[in-house]
Amino acid sequence: MSWLGPEEWQAVALSLRVATVASLFGLPLAIGMAWLLARKRFPGHGLLSAATHLPLVLPPVVTGHLLLMTFSRNAPLGGFLDRIGMSPAFHWTGAAIAAGVMAFPLMVRAIRLGFEAVDPRLEQTALTLGAGRLSVFWTVTLPLILPGIIAGGALGFAKAMGEFGATITFVANIPGQTQTLPLAIFSLLQVPGGETAASRLVLMSILIAVGAVIISEILARRAQARLLA
Amino acid sequence: MSLHVAFRRRFAGLSLDVDFDAPNGVTAIYGPSGCGKTSSVNAVAGLLRPDAGRIVLNGHTLFDDRVNLPPNRRRIGYVFQDARLFPHMTVAKNLDYGARFAPDPADLATRSRVIDMLGLGELLTRRPAGLSGGERQRVAIGRALLSSPQLLIMDEPLASLDPARKAEILPYLTRLRAAGGPPILYVSHAMAEIAALADQLIVMAEGRVTHAGPLTDALADPIAARLIGGSEGGALLPATIAEHSADDLTRLDTPAGALWLPRAPLAVGEQVRLRILAHEVMLSREHPQGLSALNVLPGQVLQVSTGADKVLVQLQLGQARLLSAITARSAQALALAPGAACFAILKTVALIQTG
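Numbers given for residues are sequential positions, taken from 1 along each chain in its written order. Key to labels: chains lettered from A, ligands numbered from 1, both in the order written. Predicted model: local features are reported for residues with pLDDT of at least 70 only, side-chain atom pairs are reported and counted for 80 or more only, and whole-chain, interface and lining totals are derived from all residues. Heavy atoms throughout the structure, all of them, feed into the side-chain values; hydrogens and water do not.

Colleague: Got a minute to help me understand unusual backbone geometry in this structure?
Modeller: Note on backbone geometry: most residues besides glycine have negative phi, and most peptide bonds are trans. Despite not being glycine, Phe-90 of chain A has its phi angle at roughly 55°, a positive value. Position of Phe-90 of chain A among the secondary structure elements: in the loop between α4 (76-83) and α5 (92-117). Positive phi, normally seen in glycine, also occurs at Asn-58 of chain B, with a value near 50°. Turning to its location among the elements, Asn-58 of chain B is positioned in the loop between β4 (52-57) and β5 (60-63). For helices the rule is a DSSP run of H or I covering at least 4 residues; for strands it is a run of E covering at least 2, with both sets numbered from the N terminus onward.

Spelled out as structure tokens, the structure:
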């Protein structure tokens, strides 16, 4: 990657780290939330569904500000994390949190569709064969929604790679710390003569996005083929 | 084994109030669609929660006002109308699915016996998507059996198959019955299947059990035959292949006496079932002369039951009971009354292979 300067390369590496962490940690939570929304009926179901989708409809700067308030030293959660030395403020983990929160609704949507496509009668059949609820989930439900999980993961990863508004609001734009790929492009475009470097990062950005889509497509096809072959 | 079922459950369009016992062997639950057959077996399997009642299998309470075991702890195998194979697993993985949860999993010998009995050996590495409807249903039966169930429920296992596939599966089911597997609750609205398989018959209508008892008795009983409806009444006789004659006939020994049928491709000594529908039995007060029918048996009238359409005459023939459906005019002309001696002329006798 000699065509990228060290600072540019730093932004790419940071973005990959942020997006990977955001989608890896977000995925299990998204699976749980998707299961809850797809399979359970309870008071407040509609409210929870709407709340999950909030980051999708709120202006990202608002989401960023809400994160800032939640993780500020004066707030309970932020204060606690600060005391144990794990405050995400102005730290790459904060960028990962912002990216994860923004990607969450997309992951939940894709996985929820997967849950809704699973025939509940198959799970019922597994019960009659002696499998407990948890075993049914691991051995029947999860393998059947694998294509949905892969799609959700890829979508979440791509969204996390591109997250801008909430990240810059929450953790600012510190090179090497919180300056992800989109933030670096933004900064380069603010200075005269930065267009060439910005174009290189734009190209890099496109390559990563296309790569993620292709890999998820291959994985999803493989998972689908197992059901049909 | 013993299964006792008594429960109530209200639905929007149907109120179920079911009470029956099922002993060993195959107990068929028969009735028109919507009468509550499937809901009843679902309650036994734990897939439907009754409003109140008691379900006991082999002394273990599955459901009462304090207990409601989840389906996975009832040890009841279930073969659904649609095979419901796990699409992401091979046939072998589907078959072995239940074993890992069973407290006494089927050993390897049992596994290969089930695979042989159901003809699954060639299919083990295949995936469900590539199987025919009949093959899928056979895998589903094997999968349920290999979960070592205390009871096997089969809900219309042949209903979604075309006649050719049905004919393909039925021998496997009779083999399963002959192999002495777990007791079976067999839901069906096809009396032909029930006649081939069942030992006990439970008739349901509008959410209630209207008749319960041994199948052979039910088919030869005018009141039960009317509940079963249509032209399904008659007799079901156990029979043994006795000899093959030079002129291509086969003699069968039955509790009603010896019967001659067109040569059957079965060995002497084999056990079969004979089904003699009520409208295939003619009656005569005297021994008929110059008649082409091969099977004419002497007997005695037990009861004459006059219904809306036909008169059903129950006969004692040897150790067996038969039904004959005749018109009211004939019944009057023959002066049939309990105790009257008469001859039954069997026009058609259907042979059902059971092993």
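Colleague: What is the right way to read the domain arrangement of chain B from this model?
Modeller: Residues and elements named next belong to chain B. An automatic or database domain assignment is the source of the domain bounds shown. Taken domain by domain, chain B consists of domain 1 (3-219) and domain 2 (234-353). For this analysis, residues touch if any pair of their heavy atoms sits within 4.5 Å. Each partner contributes to the interface: domain 1 provides 13 residues, whereas domain 2 provides 8 residues. Across the domain 1/domain 2 interface, buried area totals approximately 740 Å², and carbon plus sulfur atoms make up 50% of it. On the domain 1 side of the interface with domain 2, the three residues burying the most area are Ala-195, Thr-216 and Leu-219, jointly 62% of the side's total. The term salt bridge refers to a pairing of a side-chain nitrogen on Lys or Arg with a carboxyl oxygen on Asp or Glu at a separation within 4 Å. Linking domain 1 with domain 2 are 1 salt bridge, by the criterion used here. A salt bridge links Asp-199 to Arg-273; the shortest N-O distance between them is 3.4 Å. Going through the elements one at a time, α5 (163-178), α6 (191-197) and α7 (215-219) are the ones with two or more residues in the side of domain 1 that touches domain 2. With 6 residues, the single largest contributor to the side of domain 1 that touches domain 2 is α6. Reported buried area values correspond to the accessible surface (1.4 Å probe) lost by two parts on association, with both partners' losses combined.

Colleague: Whenever I open this one, the packing of helix α7 (residues 133-144) of chain A against helix α8 (residues 146-162) of chain A confuses me. Can you help?
Modeller: Angle between the axes and distance between the axes: these two values describe a pair of packed helices. Residue and element names in this part refer to chain A. Here an angle of 0 to 180 degrees is reported between the N-to-C directions of two axes, which are lines fitted to C-alpha atoms, with helices fitted over the stretch in contact. Two elements in contact, α7 and α8, have axes whose closest approach is 4 Å; the angle formed by their N-to-C orientations is 55°. In terms of orientation, α7 lies oblique with respect to α8. Between α7 and α8, the contacting residues are Leu-142, Pro-143 and Leu-144 on the first element and Leu-146, Pro-147 and Ile-149 on the second. Considered class by class, the residues forming the contact of α7 with α8 number 6 nonpolar, no polar and no charged. Roughly parallel here means an angle under 35 degrees, roughly antiparallel means over 145, roughly perpendicular means 65 to 115, and every remaining angle is called oblique. Think of it as three bins: nonpolar holds Ala, Val, Leu, Ile, Met, Phe, Trp, Tyr, Cys and Pro, charged holds Asp, Glu, Lys and Arg, and polar takes everything else, Gly as well.

Colleague: Just to check I follow, could you spell out the interface of chain A and chain B for this structure?
Modeller: The figure often quoted for interface size is the accessible area lost as the parts come together. Between chain A and chain B, the residue contacts involve 21 residues of the former and 23 residues of the latter. Summing both partners gives a buried area of about 2,000 Å² for chain A against chain B, and 63% of it is carried by carbon and sulfur. Inspection of the region where chain A meets chain B yields 1 salt bridge. N or O atoms closer than or at 3.5 Å make up a polar contact, with two conditions inside protein: a donor-capable atom paired with an acceptor-capable one, and, for residues adjacent in sequence, both atoms drawn from side chains. At the boundary of chain A and chain B, one finds 6 residue pairs in polar contact (both at pLDDT 80 or more).

Colleague: Mind showing me how you'd approach the sheet that holds strand β14 (residues 271-277) of chain B here?
Modeller: Strand pairing in a sheet is mediated by backbone hydrogen bonds. Such pairs are either parallel or antiparallel. Residues and elements named next belong to chain B. If you trace the 5 strands from one edge of the open sheet to the other, you get β13-β12-β11-β14-β20, paired in antiparallel fashion. The sheet is open, and its two borders are formed by β13 (257-262) and β20 (350-353), each paired with just one other strand. Ignoring strand direction, the axes of neighbouring strands in this sheet form an average angle of 40°. Sheet analysis places strand β11 (residues 234-244) next to β14, joined by 7 bridges and oriented antiparallel. In the sheet register, Ala-235 faces β14, and the bridge partner there is Ile-276. Two strands pair under a simple rule: DSSP has to find at least two bridges between them.

Colleague: Hey, could you run me through the pattern of salt bridges in this one?
Modeller: Once their charged atoms are close, side chains differing in charge can pair, the charge on each being opposite to the other. Counted by the stated rule, this structure contains 17 salt bridges over all chains. Here Arg-112 of chain A makes a salt bridge to Glu-116 of chain A, at a shortest N to O gap of 3.3 Å. On the criterion of helical spacing, the pair formed by Arg-112 of chain A and Glu-116 of chain A is a turn pair, its members being 4 residues apart in helix α5. The shortest N-O distance in the salt bridge between Arg-251 of chain B and Asp-253 of chain B comes to 3.1 Å. Linked through salt bridges whose partners overlap, the residues forming this network are Asp-119 and Arg-121 of chain A together with Asp-82 and Arg-84 of chain B.

Colleague: Is there a simple way to think about α5 of chain B in this case?
Modeller: Residues three or four positions apart in an α-helix share a direction because the helix packs 3.6 residues into each turn. Residues and elements named next belong to chain B. To estimate how far a helix should reach, multiply one less than its number of residues by 1.5 Å. Taking 1.5 Å of rise per residue, 16 residues should cover 22 Å, and α5 covers 23 Å from first to last C-alpha, within 8% of that figure. If you check which residues of α5 are buried, you get Ile-169, Tyr-172, Leu-173, Thr-174 and Leu-176. Turning to α5, the residues buried within the fold contact α3 (108-117), α4 (133-145), β7 (151-155), β8 (184-188), α6 and β20. Where α5 ends, the next residue or the one after it, Gly-180, has phi of about 70°, a positive value. Buried means the residue's accessible area, taken with a 1.4 Å probe over protein chains only, is under 20% of the maximum for its type, while exposed means over 50%, and partly exposed covers the values in between.

Colleague: I keep staring at the side chain of Ser-23 of chain A and nothing clicks. Help me out?
Modeller: Summarising the element assignment, Ser-23 of chain A is placed in helix α1 (residues 6-39). Contacts of Ser-23 of chain A, omitting those with residues within four sequence positions, involve Met-107, Gly-153, Gly-156 and Phe-157 of chain A.

Colleague: Explanation requested: the nonpolar core in the structure shown.
Modeller: Residue and element names in this part refer to chain B. Among the nonpolar cores identified, the biggest contains 46 residues, and Ile-141, Met-154 and Leu-201 are the most heavily contacted of them. Excluding its chain neighbours within four sequence positions, the residues that come into contact with Leu-201 are Ala-28, Tyr-30, Met-191, Ile-194, His-211, Ala-212, Gly-213, Pro-214, Leu-215, Ala-218 and Ile-228. To define a nonpolar core, start from buried Ala, Val, Leu, Ile, Met, Phe, Trp, Tyr and Cys residues and group those joined through side-chain atoms within 4.5 Å. Core analysis: the next-biggest nonpolar cluster, separate from the first, contains 31 residues, Leu-297, Val-301, Leu-315 and Ala-340 among them.

Colleague: I'm lost on α3 of chain B in this one. Help?
Modeller: All names here are of chain B. All buried positions along α3 are accounted for by Val-114, Ile-115 and Met-117. Considered in projection along α3, the buried side chains sweep an arc of 165° and stay on one side of the axis. In α3, the exposed residues that point more than 90 degrees away from the buried face are Leu-108, Arg-113 and Asp-116. Looking at the buried positions of α3, the neighbouring elements they touch are α2 (91-96), α4 and α5. At the C-terminal side of α3, Gly-119 shows a positive phi close to 65°. Our arc is simply the arc of the directions from the helix axis toward the C-beta atoms.

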